[in-house]
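# Reading the structure
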Amino acid sequence: MNSEVLEGLREIVPNEDILIDELMSRHTTFRTGGPASLFLRPGDEEAALKVVRFLRQNDQPFFILGNGSNLLISDKGYDGVVISLEKLNDLRIEDDTTIVAEAGVLNSAIASFARDNALAGFEFAAGIPGTIGGAMIMNAGAYGGEMKDITVSVRAIASDGVVVTYKGEECDFGYRNSALKKRGDVVTSVRLTLSKGDQEEISERMKELALKRKEKQPLEYPSAGSTFKRPEGYFAGKLIEDAGLRGFSVGGAQVSEKHCGFVINKDNATSADIYELICEVKKRVYENSGVTLEPEVIMLGEF
Ligand SMILES: Cc1cc2nc3c(=O)[nH]c(=O)nc-3n(C[C@H](O)[C@H](O)[C@H](O)COP(=O)(O)OP(=O)(O)OC[C@H]3O[C@@H](n4cnc5c(N)ncnc54)[C@H](O)[C@@H]3O)c2cc1C
């Protein structure tokens, strides 16, 4: 990183929020990943906007980090700037049933906030361990719900550096995909529509879904959730199981014995172990069933 760029960033972000060679294993739910040349935590939307514009003007590569729950970052790290939006964490009710959340707010926090305000419709996302910004990019979903269903609008920094507000339908949400992702927009806040509900029922539904996750998913190990997208007409976990890969390991990475759709960091895995395991699973599933699995996990850096 050249010193002029660093000086420019220091005018936007305070020194304590600029980390050099920050290990990304501290910021991913896989608990793997090497150092990012620079790691920044802008304090608000305005600072995030200035950082993004500055880096674009100076041709510096950057990557937006949510909660790192869908990421595989190379052991060699990332030769660029990682921008964490964790400080964009404002959460409020706008009117009776609309919640406005900044991009860095965790889904779990929104779910608790909605429950406390007797607002129903976000229970499905309570156990998705990411930020609402990441959830918009991925159109995260579970148990019959997805972000698409509840998104009124998304505020984002577009590729030309202008702040835009997209209506929900303009986000073109698809299965674990969105126009926001395709365009490389930086989400700064979202407006969600929920409905008035019974606090006790909302709480019960959240507990019921948390229990389901605990029973079915290997939450006791670091992972990035479902490693592969669901191929149309199939279930990734079933295809992996049918290929005889339950418990299959490379180094410290393993196809979970509890849920074959999850690759877990069983024992001090490296990102290289996880990557190799993903490639091997893909190859063997194809040989066994003719179906090509596509990773849902986003990879960053050199593999
Ligand atoms: C145990 C476990 C269970 C899971 N269960 C589910 C599930 O049920 N359903 C589901 O859909 N997913 C699930 N996931 C995957 C993951 O939690 C989701 O994909 C989540 O939405 C990712 O959000 P994040 O904030 O962690 O994003 P990250 O992993 O940090 O980033 C994901 C992508 O979004 C981009 N991004 C993040 N924030 C922004 C932003 N503000 N602006 C622009 N780009 C941004 C990143 O650059 C990256 O490309 C699970 C993961 C784990 C570990």
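All of these numbers come straight from a predicted model, not from anything done at the bench.

## Regarding the overall build of the protein
Scanning the protein from N- to C-terminus turns up eight helices and 19 strands. Its C-alpha atoms give the protein principal-axis dimensions of roughly 55 × 50 × 30 Å. Long-range pairs, those at least 24 residues apart, make up 64% of the contacts in the protein between residues at least 6 apart in sequence. Of the charged side chains in the protein, 35 are positive and 47 negative; the average position of the first set lies 4 Å away from that of the second.

## Points about the site of the ligand
If you check the shell around the ligand, you find 35 residues, and the closest are Ile64, Gly66, Ser69, Thr131 and Gly141. Gly68 places a main-chain nitrogen or oxygen 2.8 Å from an oxygen atom of the ligand. A distance of 2.7 Å separates an oxygen atom of the ligand from a polar atom in the side chain of Thr131. Summarising the interface, the protein chains cover 92% of the accessible area of the ligand, which totals 960 Å² for the free molecule. Listing elements by their share of the shell around the ligand, those giving two or more residues are β3 (62-65), α4 (132-138), β9 (141-142), β13 (186-193) and β15 (223-226). A per-element tally of the shell around the ligand places α4 first, with five residues.

## With respect to the packing of aromatic side chains
A full pass over the atoms with the stated rule returns three aromatic pairs. When the centroid spacing of 6.1 Å and the interplanar angle of 50° are considered together, the rings of Phe122 and Phe124 count as tilted. The pair Phe122 / Phe124 is uniform in exposure class, with both members buried. Relative to Phe303, the ring of Tyr275 has its centre 4.8 Å away and its plane inclined at 25°; by these criteria the two rings are stacked.

## Topic: the nonpolar core
Counting 54 residues, the largest nonpolar core has Phe122, Ile132, Met136, Met147 and Leu180 as the members making the most contacts within it. Per-element tally for this core: the top contributor is helix α2 (residues 45-57), with six residues. Among residues more than four places away in sequence, those in contact with Met147 are Asn107, Phe122, Phe124, Ala125, Ile132, Ala135, Met136, Asn139 and Ala140. Leu245, Phe248, Ala269 and Val285 belong to the second-largest nonpolar core, a separate cluster that totals 23 residues.

## As for the sheet that holds strand β2 (residues 35-40)
Reading across from one edge, β1-β2-β5-β3 is the order of the four strands in this open sheet, with mixed pairing throughout. Sheet topology places β1 (18-23) and β3 at the edges, where each strand pairs with a single neighbour. Each strand axis lies, on average, 35° off the axis of its neighbour in the sheet, ignoring direction. As judged from the four bridges shared by β2 and strand β5 (residues 78-84), these two strands associate in the parallel manner. When the bridges of β5 are listed, Leu38 appears paired with Val81. Relative to β1, helix α1 (residues 3-10) is tilted by about 120°, and along the sheet it contacts β1 and β2. Relative to the sheet, α2 contacts β2, β3 and β5, its axis offset from that of β5 by approximately 160°.

Rules used in this analysis
Residues numbered from 1 in each chain as written. Predicted model: local features only at pLDDT ≥ 70, side-chain atom pairs only at ≥ 80, totals over all residues. Heavy atoms only, no water. Helix = DSSP H or I, 4+ residues; strand = E, 2+ residues; numbered from the N terminus. Contact = heavy atoms within 4.5 Å. Lys, Arg positive; Asp, Glu negative; His and termini not counted. Charge placed at Lys NZ, Arg CZ, Asp CG, Glu CD. Near = heavy atom within 4 Å. Polar contact = N/O pair within 3.5 Å; in protein donor to acceptor, adjacent residues only side chain to side chain. Areas by Shrake-Rupley, 256 points an atom, 1.4 Å probe, with all protein chains shown as cover. Phe/Tyr/Trp six-rings, centres within 6.5 Å; stacked < 30°, edge-to-face > 60°. Buried < 20%, exposed > 50% of the residue type's maximum accessible area, 1.4 Å probe, protein only. Core = buried A, V, L, I, M, F, W, Y, C linked by side-chain atoms within 4.5 Å. Pairing = 2+ DSSP bridges. Axes fitted to C-alpha atoms, helices over the stretch in contact; angles between N-to-C directions.

What is shown is where atoms sit, not what they do.
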